[in-house]
Amino acid sequence: MTHSTTLYAQRRAQLARQIGPRGIALIPTAPEQQRNRDSDFPYRHDSYFYYLSGFTEPKAWLVITGDGQSTLFCQPKDVEREIWDGLRLGPLAAPQALGVDAAFSVAELDAQLPSLLDGCDAVWFPFATHKGLETRIDGWLSGLRARVRYGTLCPQQQRDLCTLLDEMRLHKDLHEQAIMRRAGSISAQGHIRAMQTSSRMLRAGQEVREYHLEAELLHEFRRQGAQAPAYGSIVAAGANACVLHYRADAGLVQSGELVLIDAACELDGYASDITRTFPANGCFSGPQRTLYELVLAAQDAAVAATRPGARFTDPHEAAVKVLAQGMLDVGLLDKDKVGNLADVIENRSYFAFYMHRTGHWIGMDVHDCGDYTEPSEIGQVSTRKDALTGDIIKSRPARILRTGMALTLEPGIYVRPAQGVPECFHNIGIRIEDDALVTEGGCELMTRDVPVAVAEIEALMRA
Ligand code: GLY
Ligand code: MN
Ligand code: MN
């Protein structure tokens, strides 16, 4: 086995130990998706499947049994299809290439699965992730059940494989950490390129549109070997930055306005996720700088709160405290109306300008899998009435951060024009987002090859 097949074999072995000697795990990869007539979306494998196999072809399944055996079902070699779609690994070469114990054509799945399931006590598969999977498994199980009089033994339990795989994927190993660092670095260089293009084009008197800056990001991602953007790129000029899910479009990038870019690449199956907000012409105005420094201070507080033993919610709470105090200080919130800092937090008055959470797990998926509640404290349910909606919210103690977990830290402020809101802040939208890896001493920011400090951004954009 090569170094990388060993890695996947170790993950399969770890999973096999957890499903028990008579367990069986079924993991299909993702289906191909049609975009429109005769044209598919670019293919992206299923993250669970890839985590256990390192295999990126479509139409494949992995079967792992509790005795540690793994079987791959994959597309058979087919000279004619390979002329159109490209080379396939094929079942003959798969054991050597991937380190699996056996491999068959995916066309044999229905014939082989009943005998693989026969005698197992529990069948594990990812719940609610693959359309039609439950029905397919039901078919195999009912076929097996129909033959019990001939001595077959049908599994009595169906278990959610996500519970095991989510927990494994939450803790990034050294191999994963290295890829995520590189993804972060490529994405950061894409941001630098977009920032410099913006100020250079404006200085030259050229018209700049959001898509010009998006093109710079995509160019850098592909130039450095990243396979794709990790999610739909947001390039939002001026007021567009206040639309949280805005996509890069044709908006005019104007001197004197800010640009918010939330874009990053996926490299070898791992996402990065970066947001930077910068002045289109390279020079912050007074009000822009005031709000930018506030969001940066909130991110600093979130970074300081990210360390082993802290809760997942601690960075959010630290960021909210800074943002809420800042909103009172700069007059976005009126003390006479909303009260003091404690009131603003208690009543969620800051929500008018900061309406999302400060982060999420990141890994193979940009919003990665992993429990946000602490497994050992799952029974400690508390309820409270939400100050804004009046809804009764059930909550459990948040996840305790451990080394090797990766999360984003992404506070922001979004100011839509409204009565009572100082006009100098209208239409300013700012977010600063970095990817943090929890380390023994606190956290490592994997995306800081692009700066965040005002002076550094301005220097970069003058260069
Ligand atoms: N880019 C997606 C997010 O920030 O969550
Ligand atoms: Mn994010
Ligand atoms: Mn993002």
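Below, the structure is looked at part by part. (Residues numbered from 1 in each chain as written. Chains lettered and ligands numbered in written order. Predicted model: local features only at pLDDT ≥ 70, side-chain atom pairs only at ≥ 80, totals over all residues. Heavy atoms only, no water.)

**What to know about the coordination of the manganese ion (ligand 2)**
Coordination sphere of the manganese ion (ligand 2), protein contribution only: Asp273 (OD), His360 (NE2), Glu410 (OE) and Glu433 (OE), at 2.0 to 2.3 Å. Given 6 donor atoms and angles of 51 to 154° at the metal, the environment of the manganese ion (ligand 2) is assigned as irregular. Here the donor residues of the manganese ion (ligand 2) share one chain and are spaced in sequence as D-x86-H-x49-E-x22-E. In this model, the manganese ion (ligand 2) sits 3.3 Å from the manganese ion (ligand 3), the two metals being bridged by aspartate 273. With histidine 360 in the loop between α13 (341–346) and β15 (382–385) and glutamate 410 in the loop between β17 (406–409) and β18 (412–414), this residue pair connects regions lying 50 residues apart in the sequence. Exposure class is identical for histidine 360 and glutamate 410. Each is buried. (Donors = N, O, S within 2.8 Å, 3.2 Å for Na, K, Ca; no water. Tetrahedral: all angles 85-135°; square planar, octahedral: opposite > 155°, others 65-115°. Helix = DSSP H or I, 4+ residues; strand = E, 2+ residues; numbered from the N terminus. Buried < 20%, exposed > 50% of the residue type's maximum accessible area, 1.4 Å probe, protein only.)

**So, the pattern of salt bridges**
By the definition in use, this model includes 25 salt bridges. Salt-bridge contacts for arginine 169 lead to aspartate 365; the nearest nitrogen and oxygen are separated by 3.1 Å. Of this pair, arginine 169 sits in helix α7 (residues 162–170) while aspartate 365 sits in the loop between α13 and β15; the two residues are 196 residues apart in sequence, bridging distant segments of the chain. By relative accessible area, aspartate 365 is classed as partly exposed at 27%. Among the ionic pairs, aspartate 434 bridges to arginine 448, the shortest N-O distance being 3.0 Å. Taken as a pair, aspartate 434 in strand β20 (residues 434–439) and arginine 448 in the loop between β21 (442–445) and α14 (454–462) lie far apart in primary sequence, 14 residues in all. (Salt bridge = Lys/Arg side-chain N within 4 Å of Asp/Glu carboxyl O.)

**A few points about helix α10 (residues 286–304)**
With 19 residues, α10 ought to run about 27 Å at 1.5 Å a step, and its terminal C-alpha atoms sit 27 Å apart, in line with that. Looking at α10, one finds that the buried residues are Gln288, Leu291, Tyr292, Leu294, Val295, Leu296, Ala298, Gln299 and Ala302. (Expected span 1.5 Å × (residues − 1).)

**Notes on the site of ligand 1**
Neighbouring ligand 1 are the residues Tyr231, Asp262, Asp273, His360, His367, Glu410 and Glu433. With respect to ligand 1, the side chain of aspartate 262 contributes an N or O atom lying 3.2 Å from a nitrogen atom. Here an oxygen atom of ligand 1 sits 3.1 Å away from a polar atom, N or O, in the side chain of glutamate 410. Taken together, the residues of the shell around ligand 1 break down into 1 nonpolar, 2 polar and 4 charged. (Near = heavy atom within 4 Å. Polar contact = N/O pair within 3.5 Å; in protein donor to acceptor, adjacent residues only side chain to side chain. Nonpolar A, V, L, I, M, F, W, Y, C, P; charged D, E, K, R; others polar.)

**Overview of the sheet that holds β21**
Spatially, the 3 strands line up as an open sheet ordered β17-β20-β21, and their pairing is antiparallel. Each end of this open sheet is capped by a strand with a single partner; those strands are β17 and β21. Neighbour to neighbour, the strand axes of the sheet diverge by 40° on average, direction disregarded. Sheet topology note: the β17/β20 ladder contains 4 bridges and is antiparallel. Note on β20: the bridge partner recorded for threonine 408 is aspartate 435. (Pairing = 2+ DSSP bridges. Axes fitted to C-alpha atoms, helices over the stretch in contact; angles between N-to-C directions.)

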